[in-house]
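Residue strings, one per chain:
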Amino acid sequence: AVSIGSARTSPVPPSSISPTPPQSSALPSNDTTSAALAIVGPTTGKRAKISNDLMTSLQNQRSRLSMVVLGHVDAGKSTLMGQVLLQLGHVQKRTITKYQKQAAELGKASFALAWVMDEDDSERERGVTMDIGTKNAKTPTHDLTILDAPGHADFVPAMITGAAS
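Residues numbered from 1 in each chain as written. Predicted model: local features only at pLDDT ≥ 70, side-chain atom pairs only at ≥ 80, totals over all residues. Heavy atoms only, no water.

(A) Just the layout of surface pockets, in detail. Within this model, the largest pocket holds a volume of roughly 240 Å³. Looking at the largest pocket, it is lined by 17 residues, and the ones nearest its centre are Asp74, Gly76, Ser78, Phe111 and Gly127. A per-class count over the lining of the largest pocket returns 6 nonpolar, 8 polar and 3 charged. (1 Å grid on protein atoms, 1.4 Å probe; cavity = no way out; pocket = protein on both sides within 12 Å on 5 of 7 lines; lining within 4 Å. Points joined across faces, edges and corners; volume = space filled by probe spheres on them. Nonpolar A, V, L, I, M, F, W, Y, C, P; charged D, E, K, R; others polar.)

(B) View of the side chain of Thr129. Secondary-structure assignment places Thr129 in the loop between helix H4 (121-126) and strand S5 (133-138). A distance of 3.0 Å separates a polar atom in the side chain of Thr129 from a polar atom in the side chain of Ser78. Among the polar contacts made by the side chain of Thr129, one reaches the side chain of Asp118 at a distance of 2.9 Å. (Helix = DSSP H or I, 4+ residues; strand = E, 2+ residues; numbered from the N terminus. Polar contact = N/O pair within 3.5 Å; in protein donor to acceptor, adjacent residues only side chain to side chain.)

(C) Molecular detail of helix H2 (residues 77-87). The complete set of buried residues in H2 reads Lys77, Ser78, Met81, Gly82, Leu85 and Leu86. Packed against the buried residues of H2 are strand S4 (63-69), helix H3 (93-105), S5 and strand S6 (142-148). (Buried < 20%, exposed > 50% of the residue type's maximum accessible area, 1.4 Å probe, protein only. Contact = heavy atoms within 4.5 Å.)

(D) Spatial organisation of the sheet that holds S6. Read across the sheet, 3 strands follow the order S4-S6-S5 without closing on themselves; strand pairing throughout is mixed. With one partner strand each, in any of the chains shown, S4 and S5 form the two edges of the open sheet. Pairwise comparison of adjacent strand axes, ignoring direction, gives a mean angle of 15° for this sheet. Taken together, the 7 bridges between S4 and S6 define a ladder with parallel strand orientation. Within S6, the position partnered with Ser63 by the bridge is His142. Sheet contacts for H2: S4, S5 and S6; angle to S6, the most-contacted strand, approximately 155°. (Pairing = 2+ DSSP bridges. Axes fitted to C-alpha atoms, helices over the stretch in contact; angles between N-to-C directions.)

Shown next, in the form of structure tokens:
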């Protein structure tokens, strides 16, 4: 397994894989394979057969997705991402309960889910995302990087910088 923060190197660039019809004597008999994959050489244009091990490896790779949440100030961007992380099981319910109590003490009870993304005390006190919030999550098929961008006009430069990186 590859961790979210590491660079992924693929043995075969996805753009060079194309389906080809199976040839009777060239492929091993495999009832579950309806078509073989071939690699198109970058300079020669010739097709080379992919081994079953490599094909299985390519099919089992997890995709990396990066999401930037943009929107107007007070549109619920941080709250939405807190809910997504809670639903994916990446935030424990007891953490949300703790945030609900702390937010209620500050008079911002509706901001508890937003605090999953907004971890800075000044952001929590003001109820406004000021810097890009980053969280990583995994699903059975994807590695997600979620960026929560500020919506307030004063913090748009931070949003642009964070989204570009």
